[in-house]
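Close look at the chain arrangement
These are the residues of each chain, in order.
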Amino acid sequence: MANGVWHTGYGIEINLSLPDLGHPDRPDLLQEITARVSERDPQLLECLAHHDKRECQSESGGKSPWMFIRRGRMGGRRPLVASHLPITHKATPAESAQHKATKERIVETAGRHGLDAEAEVPIGNRRSISDAVVVGPGGTRIGWEIQYHHLSPSSVHRRSVNAVEHGITPLWVAKDRTASLIDRAPWARVDDMPWKDIAHGKEMVIRGGYRHLEVWKCVASSERHCLISEGAGHCGAIHADWFVPALCLPEKKPVFIEDLVLQSATGESVPVYMPNRGSGRAGRHMWVSADDCALWQELIGEKTPLPAAPAEEEDNVITFA
């Protein structure tokens with residue numbers, strides 16, 4: 001804890017023990033520095049010791065040099081105190097190599113198809129940097145985010161919103177079935193493979209995050225179960241639902257990362273958010289073909305776009321199967 005921090009945006013020292021924070025000319029300063037970290041630049045407030053290049057015990061103990069402001073408890077008082085943010089996960093050498101190889105493969109794939117692509121693209125006011133941005137012939141911009149290690153759900157939400165606000169559709173790539181980004185933003189999951197295989201062009205199948213629309217009549221001869229009746233009953237109605245390629249009837253060809261690079265940029269594949277039945281809060285993000293999306297909207301009689309995203313959630317861990 002500390003009673004002073006350095007404001008990296010204004011280049012000023014803030015004294016938390018003073019009612020005006022030492023800056024009477026900035027009446028909104030308290031509101032700015034007490035905003036949630038998810039709503040501001042995480043590196044807005046810096047440890048004074050770190051700024052002055054002095055040793056900090058909290059940093060030595062594994063904390064980051066960046067700070068957040070909270071209310072402490074001291075007797076009957078609740079003074080403002082500054083605390084260090086935890087260090088986010090540092091990628092292992094293997095993860096870093098996989099990350100680099102995947103990013104280069106996306107950019108190279110886009111180039112082979114005549115699409116503009118660039119790596120390490122700052123978004124907006126540099127609150128985040130997209131690993132790669134691919135631009136389609138119609139101006140659609142897809143911001144690829146390769147995330148091979150843990151990232152909090154709030155960070156996924158914040159960075160996705162920042163991308164959308166600047167005209168970029170986020171596309172997160174994970175390799176872990178339990179990655180917290182799954183279903184919190186448009187995503188795709190690939191196999192965990194050595195970086196050399198990625199760099200040398202081994203097939204990268206999209207294992208999750210891409211689905212096809214299946215429509216069937218709910219009768220006894222149907223290979224699919226009823227979505228309404230419990231047990232083995234059949235209601236005779238027409239059902240429609242989304243399935244990964246391997247679970248389609250008949251099974252559809254797998255989608256590869258090269259397919260998604262091209263189709264997401266050209267609009268042949270689009271991201272949608274599908275609320276779960278009976279609840280608009282929880283649901284699934286998925287990539288689908290534009291034709292399937294149009295058919296779904298026709299089937300349900302909805303011509304307006306599907307919901308873009310759910311509200312921000314707490315940083316609880318989720319799994320997906």
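Quick caveat, the model's predicted, so the values are computed rather than measured.

Quick notes on the rules
Numbers given for residues are sequential positions, taken from 1 along each chain in its written order. Owing to the predicted nature of the model, reporting of local features is limited to residues with pLDDT of at least 70; listing and counting of side-chain atom pairs is limited to 80 or more, with chain, interface and lining totals taken over all residues. Based on all heavy atoms of the structure, the side-chain values leave hydrogens and waters out of the count. Secondary structure elements are defined from DSSP: runs of H or I of at least 4 residues count as helices, runs of E of at least 2 residues count as strands, and each element is numbered from the N terminus. In this scheme, a residue with accessible area under 20% of its type's maximum is buried, one over 50% is exposed, and one in between is partly exposed, where area comes from a 1.4 Å probe on protein chains only. The arc in question is the one spanned by the directions pointing from the helix axis to the C-beta atoms. Here, two residues are considered to be in contact whenever any of their heavy atoms come within 4.5 Å of each other. Two strands pair under a simple rule: DSSP has to find at least two bridges between them. Orientation is described by lines fitted to C-alpha atoms, with helices fitted over the stretch in contact, and by angles between N-to-C directions that extend from 0 to 180 degrees.

**Structural notes on the environment of Asp52**
Summarising the element assignment, Asp52 is placed in the loop between α2 (48-51) and α3 (57-60). By relative accessible area, Asp52 is classed as partly exposed at 44%.

**Digging into helix α8 (residues 290-299)**
Buried within α8 we find Asp292, Cys293, Trp296 and Gln297. Down the axis of α8, the buried set is contained in an arc of 135°. They therefore lie on one face. With respect to the buried face of α8, the exposed residues turned more than 90 degrees away are Asp291 and Glu298. At its buried positions, α8 is contacted by β11 (212-217), β12 (238-243), β13 (269-275) and β14 (283-289). One or two residues past the end of α8 sits Gly301, with phi positive at roughly 70°.

**Some details on the sheet that holds strand β7 (residues 128-135)**
Strand order across the open sheet formed by five strands is β6-β7-β8-β9-β10, with mixed pairing between neighbours. With one partner strand each, in any of the chains shown, β6 (116-123) and β10 (187-189) form the two edges of the open sheet. Each strand of the sheet is rotated relative to its neighbour by a mean of 30°, with strand direction disregarded. Strand direction decides the pairing type here: β7 and strand β8 (residues 141-146), joined by four bridges, are antiparallel. Within β8, the position partnered with Val134 by the bridge is Ile142. Together, β7, β8, β9 (169-174) and β10 form the strand contacts of helix α7 (residues 257-266), whose direction differs from that of β8 by roughly 150°.

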